[in-house]
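Coordinates in review
Chain by chain, the residues run as shown.
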Amino acid sequence: MGLPDGQQDPDTLPATMHNRAEWSALQAGSDTIRRRIYLLVLAIVMVTLTTSVATRQPSGIPEFFVQVLIPPLLVLFGGLMAWLLLGRPLRTAETVMVWVAGLASLANVTAFSVGQQPATYYLNSGPYLSVLVAFTFLLLVHTRPRAGQLALGLLAVSLALPWVFRGGSPVLSESLALLRLQMNITATALMIYLLSWYRTQHLSSLQRQQLLAALAYSDPLTGLPNRRGLMLEAAGDRWQRGQPNALLLVDVDHFKVINDRHGHAVGDAVLVTAAGLLVRATGRRGTVGRWGGDEFLVLLPGMDAAAVQHHAESLVRTFQEQPWPHGLNVTVSVGGARLQTPDTHDADLARADAALYHAKTLGRNRSAVYDQLDEQTRQQLLDGARPAPDLHPA
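Residues numbered from 1 in each chain as written. Predicted model: local features only at pLDDT ≥ 70, side-chain atom pairs only at ≥ 80, totals over all residues. Heavy atoms only, no water.

**Focus on the pairing of strand β2 (residues 287–292)**
Rules: The buried label applies to any residue whose accessible area, calculated with a 1.4 Å probe on protein chains only, is under 20% of its type's maximum; exposed applies above 50%, and partly exposed to all values in between. Note on conventions: DSSP H or I runs of at least 4 residues are helices, E runs of at least 2 residues are strands, and numbering of each starts at the N terminus. One bridge is not enough; two strands pair if DSSP finds at least two bridges between them.
With 5 of 6 residues buried, β2 lies mostly within the body of the structure. Note: β2 against strand β3 (residues 295–301), 5 bridges, orientation antiparallel. Across the sheet, the residue bridging to Arg290 is Phe296, located in β3. The turn joining β2 and β3, which pair antiparallel and follow one another in sequence, is formed by 2 residues; a positive phi near 60 degrees is taken by Gly293.

**Details of the pairing of strand β1 (residues 245–252)**
By the criterion of burial, β1 is predominantly enclosed, with 8 of the 8 residues buried. Neither face of β1 is exposed, since Asn245, Leu247, Leu249 and Asp251 on one face and Ala246, Leu248, Val250 and Val252 on the opposite face are all buried. Note that β1 and β3 share 7 bridges and pair antiparallel. Bridge pairing links Ala246 to Leu300 in β3. In the sheet, β1 pairs with strand β4 (residues 332–338) via 7 bridges, with the strands oriented antiparallel. Paired with Val250 across the bridge in β4 is Val334.

**Some thoughts on a nonpolar patch on the surface**
Rules: Patches were defined on residues exceeding 30% relative accessible area and lacking a salt bridge, with like-charge contacts within 9 Å and nonpolar side-chain contacts (Val, Leu, Ile, Met, Phe, Trp, Tyr) within 5 Å. Accessible surface area values rest on a Shrake-Rupley calculation with a 1.4 Å probe, where residue burial reflects the displayed protein chains alone. The term salt bridge refers to a pairing of a side-chain nitrogen on Lys or Arg with a carboxyl oxygen on Asp or Glu at a separation within 4 Å.
A cluster of nonpolar side chains, Trp163, Leu176, Leu179 and Met183, forms an exposed patch at the surface whose accessible area comes to about 410 Å². Tallying contributions element by element places helix α7 (residues 175–217) first for the nonpolar patch, with 3 residues. Within the fold, Trp163 resides in helix α6 (residues 145–164). On the basis of relative accessible area, Trp163 is assigned to the partly exposed category, the value being 32%.

**Notes on the packing of helix α9 (residues 255–262) against helix α10 (residues 264–282)**
Rules: Lines fitted to C-alpha atoms define the axes here, with helix axes fitted over just the stretch in contact, and angles between the N-to-C directions of these axes take values from 0 to 180 degrees. If an angle is under 35 degrees, it is roughly parallel; if it is over 145, roughly antiparallel; if it lies from 65 to 115, roughly perpendicular; otherwise it is oblique. In what follows, residue pairs with any heavy atoms lying within 4.5 Å of each other are defined as contacts. Charged means Asp, Glu, Lys or Arg here, nonpolar means Ala, Val, Leu, Ile, Met, Phe, Trp, Tyr, Cys or Pro, and polar covers whatever is left, Gly included.
Put simply, α9 and α10 touch, their axes get as near as 7 Å, and they point 140 degrees apart. Considering their axes alone, α9 and α10 lie oblique with respect to each other. Along the contact surface, α9 presents Phe255, Ile258, Asn259 and His262, while α10 presents His264, Val266, Gly267, Val270 and Leu271. For the contact of α9 with α10, a count of residues per class yields 5 nonpolar, 4 polar and no charged.

**Points about α9**
Spelled out, the test is: Throughout, the arc means that of the directions going from the helix axis to the C-beta atoms.
Inspection of α9 places Phe255, Ile258 and Asn259 among the buried residues, and these make up the whole buried set. End-on, the buried residues of α9 take up no more than an arc of 95 degrees, which puts them together on one face. Facing away from the buried side of α9, by more than 90 degrees, are the exposed residues Lys256, Asp260 and Arg261. Where the residues of α9 are buried, they touch β1 and α10. Where α9 terminates, the next one or two residues include Gly263, which has phi positive at roughly 95 degrees.

**A look at the environment of Gly293**
As for its position among the elements, Gly293 is in the loop between β2 and β3. Between the C-alpha atom of Gly293 and that of Lys256, which follows or precedes it by 37 residues, the distance is 9.8 Å.

**Digging into the nonpolar core**
Going by this rule: Each nonpolar core is a collection of buried residues, namely Ala, Val, Leu, Ile, Met, Phe, Trp, Tyr and Cys, held together in the definition by side-chain atoms within 4.5 Å.
Among the nonpolar cores identified, the biggest contains 35 residues, and Tyr38, Leu42, Leu73, Phe77, Leu84, Met97 and Leu155 are the most heavily contacted of them. Among the elements of the structure, α1 (17–56), α2 (64–85), α3 (90–114), α5 (127–141), α6 and α7 are those that each provide at least two residues to this core. In this view, Leu42 contacts Phe77, Leu80, Met81, Leu84 and Met97; residues no more than four positions away in its chain are not counted.

**Topic: the sheet that holds β4**
On the basis of which strands lie adjacent, the open sheet formed by 5 strands has the order β2-β3-β1-β4-β5 and mixed pairing. Strands with a single pairing partner mark the edges of an open sheet, and in this sheet they are β2 and β5 (367–369). Taking each pair of neighbouring strands and ignoring which way they run, the sheet shows an average axis angle of 20 degrees. Lying on the sheet, α10 is in contact with β1, β2 and β3; it crosses β3 at an angle near 10 degrees.

**Observations concerning the confidence of the model for the chain**
Keep this limit in mind: A residue's pLDDT is the predictor's confidence in that residue, given on a scale from 0 to 100.
Of the residues in the chain, 78% have a pLDDT of 70 or more, and the chain-wide mean is 78. No element of the chain has a lower mean pLDDT than helix α4 (residues 121–124), at 50, and none a higher one than β4, at 94. Of the regions scoring below 50 in pLDDT, residues 168–172 engages in 16 contacts with residues more than four places distant in sequence or in other chains. In this model residues 387–394 is a low-confidence stretch, pLDDT under 50, and it forms 18 contacts with partners more than four residues away in sequence or in other chains.

Below, the structure written as C-alpha cells:
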C-alpha cells in the first residue's frame, strides 16, 4: 500500500545519522499527533451516536440509522480506539475509518430514500450530514488525487439515491425542497473540496520549496550543510557577539590515495562515515558541514581556544579508534581558530587553514589550534600559508 501521504521513505534520505535521527523524530511526532486527534474524534463520535440513540428511540419514530447502523458502529469505533491505544499502524485505522464513514453515510441516505418516514422528516434529519462528514474526512486523511475522486463519487451517489427511489417514498414528494437541500449540500461539499485542493497544492509547494532549500544548502552525499548552509548558520542567533566562538577545519588524510586505490565508491563511503563520526562527536555543541572535497568545517559557538583544542584532539582520537572497512586506516588532520572577524569570517578561516597546514606539516593525524601556537609560528604560518578558502561560492 505504500507510505501514508506526505511521508517519505527514510531509506531515500542521505545515509547519515544526522538526517536519520531528525527524520525519525519528526515522523514519530507527526504520528503521535495524528493518533491523538483520531482518538479524540472517535470519542466525540461515540458520545454523539450514543446520545442520538438515547434521545431518538423514545420518540417511536423508526429510524434505520439509529436502530440498525449505530450499534455496530459503536462496536467498530470502540475497536478502532483500542487499535490506536495499542500503537497499531495508523494507515489501517485511517483506511477503516474512511470506508466505514462512506458506506454508513450511503446506507443512511438509502434508508431514508426508500423508507416510509413522516412528511418533512427526511429534510429535517441528518442523512446528508453524515455524507458531509465522510466527504470531509476522506479529503483530510488522503491528499492524493484519487481521494478527491472518491469523495466526489460519494457525493454524487448520495445525491442520486433519493431520486432513484423517489417513486416509492412519500417523504420525497416535496421535490423542490429536496432539490434546495441538495444544492446547499453540494455547495458546502464543493467549498470543502476546494479548500482541500488548496491545502494539497500548498503542501506540495511547501515540499518543493523545502527540497530546493535542501539542495541549495546541504551536501547531497553526506546530508550535512554545504558552504552556503554553513555560512547561513554562522550568521544565526547562536553566534552571539561578545562570547568566544570558534571553528575547525577537518581534512581526511591521504584521501586521494584512498580514492585511487579503492575506487570512488569506497571514498564516498569513507566521507559518509566521517560525516557521521563528526556529527556524533560534536553533538549539540556545534554544527558540522562539508566544506568541499575531503574537508569538513565544524562551527563551535561558545568555545574558547582551550576548549577548541580539546575538541580537536578528541576528533583525531575518534577517527583513530574507528574500525574502517577494506583494511583502511583513516585519520584526520584538524586546524582550528577562534572567530574574531564578524560577518565574513574570512580572516578566521585563513587562520584555521594555516593551523591545518601546520598539523599536516607535523605529520598529519593530529590537530593544531592557531590561537594556542606561539607568536613566531603563527606569523610564519600566515606568511607562508595557503590562500584562504573561497567563502563566496557561485
